Every structure is written in structure tokens, then in C-alpha cells.
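Examining the three-dimensional arrangement
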Amino acid sequence: MSQVFIQPFQFPDLKTEQPLYIKREDLVHPIISGNKFWKLKYNLQKAKELQKTTLVTFGGAMSNHIVATAAAGKENNFKTIGIIRGEEIQNKWKDNLSLQEAYSLGMNFYFVPRKEYRLKERSKYIQEILKTIHNYYLVPEGGTNLLAVKGVSELLTEETKKFDIITTAVGTGGTISGLSVGALPHQHIIGFPALKNAQFLVKEILKLTEKENFNLNLAYHFGGYAKITLELIEFINDFYLLNHIPLDPVYTGKMMFGLREMLRKGEIPSQKKVLAIHTGGLQGIKEMNKLLTKKNIKNIII
Ligand SMILES: Cc1ncc(COP(=O)(O)O)c(C=O)c1O
């Protein structure tokens, strides 16, 4: 495990006295970075206990979770299989840097139509694929399950006790659930979903935590999952130049942008100590920059 630390940071274009800190979980492991490390921890342990030989999981072509599972499999002697959203990717996956990296770590892929992917294991099509795989352990999409929640709850430690507000990016809701479980009574979690129309996630999160110590701010999805704007790119680059902390455009960039806007609007009381969790995702920047270059848009600094 690399050295994870909590450091102060500042926001570009915002003067504030508010204590702002970030927990650098992006540094927890060179590839199994951020929340992935914690979400996979007890899933890997369980797969070992059950003497499984293969990890199977689901993800989109730019999924951080797919790359992290490939790396975790390699490190822990499991074969890995990724069930990837979108049949059309079959012919062009070698151009995708995230899938290339997962492949180089030993992962094999099945590319499935989007309507089947949506159903996951309930899809007959996917069930037929699973029947052909020997002795596998299924890690759900985004790695989110109760074992993931247990792992993420350990990310809150002695050093995080002094913070009142903890913020995180939200995808499937596993990470915020883990933070909710691990939080102390005086702590409140604010989640920033990276996808549009994410209100449904509250119900999903409440299946994983009994505590109502969190809320979702739905305003900073920037058009939806993996959608970005020039304003977001400029924010990420300015943040990097000011703090030397890289943010990714799909998750942590949106969360930090949202946090700045909440502070600007006075939506977080000024005496509250804020801790943002850096959940990683930096591996996706290369692929995003490739797409930006194609569209003649400025790149994210890495
Ligand atoms: C970098 C990063 N941050 C946050 C999240 C959101 O995590 P969750 O799906 O547990 O809500 C993800 C999801 O995969 C991610 O890759």
C-alpha cells in the first residue's frame, strides 16, 4: 500500500477561511486506486475463502472498476473476465486505453448488447456466458455490495474524526454507503453523483446503510455520466496548478466543482471542517484526453 495522507487544499476562484482537506486515496495503490482498493478488499478475501479461481465483473469501456479488478486479479492470482457494456466496442476495444490496460493485466472480455447489460445476471444472454466460466466469483458493477461497504467504511480512521463534512463522488452508491456506515455521529456525508437523474440512488444507498447521515447534491453531473464541459476541464486544470492534486473528469472533478459551488453559495456552514475523499479514477484521463484531442478541445493536465 502506498502512503495515503490528508492534505489541505484551496479552490481556484474562491477565497475562504473554511478548513478544506482532501484524503488522497488516489495514492493507496498504483492501479487499484481510491475507492476501488477498499471496495475490492473484502470481495477478494471472500473469493479466496471460497477458493474461486476467476473474478467476473461488469463495466463500461471507460470503467475504472474494470481496470482495478484486472489489477487486483493479477496481484491475487485470479483470472479475470470483464463483461463490457456495448457490443459495438468489440471491434474497437484495442483503441481504448482503459480496456487495453485491463487486457495487459490479464483480463478477457465479453462485449454484450446494452439492453442485456442493463439486466446484468438476470439477462438470459449473460447467464449463458456465465455458464461457460469455471468456478467464478461475481463482483457486481462498480464493485458495490455489502463487502465493498465494509471495506470503504475502513477508509475513515482516527485522523478523519475531526472532520464534520465528508464529500465523495457517487456512481453506484457503494462508496457513499461505506462512508455513511463508517462515519461518527457528528459527521455528515455529501455525495455528488456523476450521472444525471440520480435521485433513485438514495433508495439504493439506503439498502446498504441504515444511517440517514448523507445527502446527494444532484446539480453537478455536467450533462451525465462521462459528459464533460470546457468549464469543468478548466476547473480541473486550475485546481491542479494551484494544489498539484490531479482530479479526474468523470468523478472527482465534478465532486470538487460541486463542493466549491456549495461553499460559494454558503450551503455549508463556515465553521464546519470539510474532508473531500479523492476516490482515484486518474487512469481514465488518458482516454478522455484522446477524445478531447479528436474534438480539438484542450486536454486535462496530467
Ligand atoms: C474515481 C471514482 N470515484 C467515485 C466512484 C463512485 O463510486 P460508487 O460507484 O461506489 O458510488 C467511482 C465509481 O466507480 C470512481 O471510479
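Residues numbered from 1 in each chain as written. Predicted model: local features only at pLDDT ≥ 70, side-chain atom pairs only at ≥ 80, totals over all residues. Heavy atoms only, no water.

**A word on the layout of surface pockets**
Going by this rule: Lining residues are defined by having an atom within 4 Å of a point belonging to a cavity or pocket. Those points lie on a 1 Å grid over the protein atoms alone, cavities being sets where a 1.4 Å probe fits but cannot get out and pockets being open sets with protein on both sides within 12 Å along at least five of seven lines. Grid points are joined across faces, edges and corners, and a volume is the space filled by probe spheres set on the points. Comment: elements are numbered from the N terminus, with helices defined as DSSP H or I runs of at least four residues and strands as E runs of at least two. Throughout, the ten residues Ala, Val, Leu, Ile, Met, Phe, Trp, Tyr, Cys and Pro are labelled nonpolar, Asp, Glu, Lys and Arg are labelled charged, and all others, Gly among them, are labelled polar. Bear in mind that the domain bounds are from an automatic or database domain assignment.
As a volume, the largest pocket reaches approximately 1,100 Å³. If you trace the largest pocket, you find 42 residues lining it, with Lys120, Glu141, Gly142, Gly171 and Thr172 closest to the centre. If you list the elements that add at least two residues to the lining of the largest pocket, you get helix H1 (35-49), strand E3 (54-59), helix H2 (64-75), helix H4 (114-119), strand E7 (165-170), helix H7 (174-182) and helix H8 (201-205). Top contributing element to the lining of the largest pocket by residue count: H4, with four residues. By residue class, the composition of the lining of the largest pocket is 13 nonpolar, 17 polar and 12 charged. Split by domain, the lining of the largest pocket shows at least three residues from each of two domains, domain 1 (6-34 + 146-294) and domain 2 (35-143). Empty space within the second largest pocket amounts to approximately 420 Å³.

**Comments concerning the site of the ligand**
Note the threshold: When at least one non-hydrogen atom of a residue lies within 4 Å of a molecule or strand, that residue is treated as near it. Nitrogen and oxygen atoms within 3.5 Å of one another constitute a polar contact, given that in protein one can donate a hydrogen and the other can accept it, and given that sequence-neighbouring residues count only through two side-chain atoms. Throughout, the Shrake-Rupley method with a 1.4 Å probe supplies accessible areas, and for residues the shown protein chains are the sole cover considered. If over half the atoms of a molecule are within 2 Å of the grid points of a cavity or pocket, the molecule is regarded as sitting in it.
In the neighbourhood of the ligand, 16 residues make up the surrounding shell, with Lys39, Gly171, Thr172, Thr175 and Thr279 lying closest. Between the ligand and Lys36 there is a distance of 2.7 Å, counted from an oxygen atom to a side-chain nitrogen or oxygen. Here the ligand, which alone exposes 390 Å², has 97% of that area covered by the protein. At a threshold of 2 Å from the grid points, most atoms of the ligand map onto the largest pocket. Broken down by secondary-structure element, the contributors of at least two residues to the shell around the ligand are H1, E7 and H7. The element that contributes the greatest number of residues to the shell around the ligand is H1, accounting for three residues. Taken domain by domain, the shell around the ligand gets at least three of its residues from each of domain 1 (6-34 + 146-294) and domain 2 (35-143).

**Topic: the domain arrangement of the chain**
As a reminder, the rule being used: Note on definitions: a residue-residue contact is assigned when non-hydrogen atoms from the two residues lie within 4.5 Å. Buried area is calculated as the accessible area (1.4 Å probe) missing from two parts once they are joined, with the contributions of both summed. Take a side-chain nitrogen of Lys or Arg and a carboxyl oxygen of Asp or Glu: if they are within 4 Å of each other, that pair is a salt bridge.
Parsing the chain into structural domains produces domain 1 (6-34 + 146-294) and domain 2 (35-143). Placing a centre on the C-alpha atoms of domain 1 and another on those of domain 2 gives a separation of 24 Å. Listed as interface residues are 28 residues of domain 1 and, on the opposing side, 29 residues of domain 2. By the criterion of area lost to domain 2, the three top residues of domain 1 are Ile32, Leu147 and Gln283, representing 25% of everything that side buries. With its nearest N and O atoms 2.6 Å apart, the salt bridge here joins Glu154 to Lys41. Counting every contact that joins domain 1 to domain 2 gives 14 residue pairs in polar contact (both at pLDDT 80 or more).

**Side note on the sheet that holds strand E4 (residues 79-85)**
To keep it simple, the criterion reads: Pairing between strands is defined by DSSP: at least two bridges between the two strands are required. To get an axis, a line is fitted to the C-alpha atoms, and for a helix only the part in contact is used. The angle between two axes follows their N-to-C directions and goes from 0 to 180 degrees.
Across the sheet, which stays open at both edges, the four strands sit in the order E5-E4-E3-E6 with parallel pairing between neighbours. Strands at the two margins of the open sheet, each flanked by one partner only, are strand E5 (107-112) and strand E6 (136-139). For this sheet, the mean inter-axis angle between neighbouring strands, taken without regard to orientation, is 25 degrees. Alignment of E3 against E4, held across six bridges, turns out to be parallel. By the bridge assignment, Thr57 is partnered in E4 with Gly82. Sitting on the sheet, H2 touches E3, E4, E5 and E6, and the angle it makes with E3 is about 170 degrees. Of the strands in this sheet, E3, E4, E5 and E6 touch helix H5 (residues 124-131), which is tilted by about 155 degrees from E5.

**Here we look at the nonpolar core**
For soluble globular proteins, the rule of thumb is that nonpolar side chains tend to be buried together. The criterion, for reference: Buried Ala, Val, Leu, Ile, Met, Phe, Trp, Tyr and Cys residues form a nonpolar core when they are joined through side-chain atoms within 4.5 Å. When accessible area is computed with a 1.4 Å probe and restricted to protein chains, residues below 20% of their type maximum are described as buried, those above 50% as exposed, and intermediate ones as partly exposed.
Grouped together as the largest cluster of nonpolar side chains are 44 residues, with contacts concentrated most on Leu99, Phe109 and Leu179. Top element by residues in this core is H2. It accounts for six residues. There are two domains that each give this core at least three residues, and those are domain 1 (6-34 + 146-294) and domain 2 (35-143). When near neighbours in sequence (up to four residues on either side) are disregarded, Phe109 contacts Gly82, Ile84, Trp93, Leu99, Ala102 and Tyr103. In this structure, Tyr220, Val250, Phe257 and Met262 belong to the second largest nonpolar core, which totals 34 residues.

**A word on unusual backbone geometry**
Phi at Asp13 takes a positive value of approximately 60 degrees, unusual for a residue other than glycine. Structurally, Asp13 is set in the loop between strand E1 (6-8) and strand E2 (20-23). Assessed through its relative accessible area of 61%, Asp13 is described here as exposed. Its identity as a non-glycine residue notwithstanding, Lys120 has a phi of 50 degrees, on the positive side. Looking at the element boundaries, Lys120 is found in the loop between H4 and H5. The class of Lys120 is buried, set by a relative accessible area of 14%.

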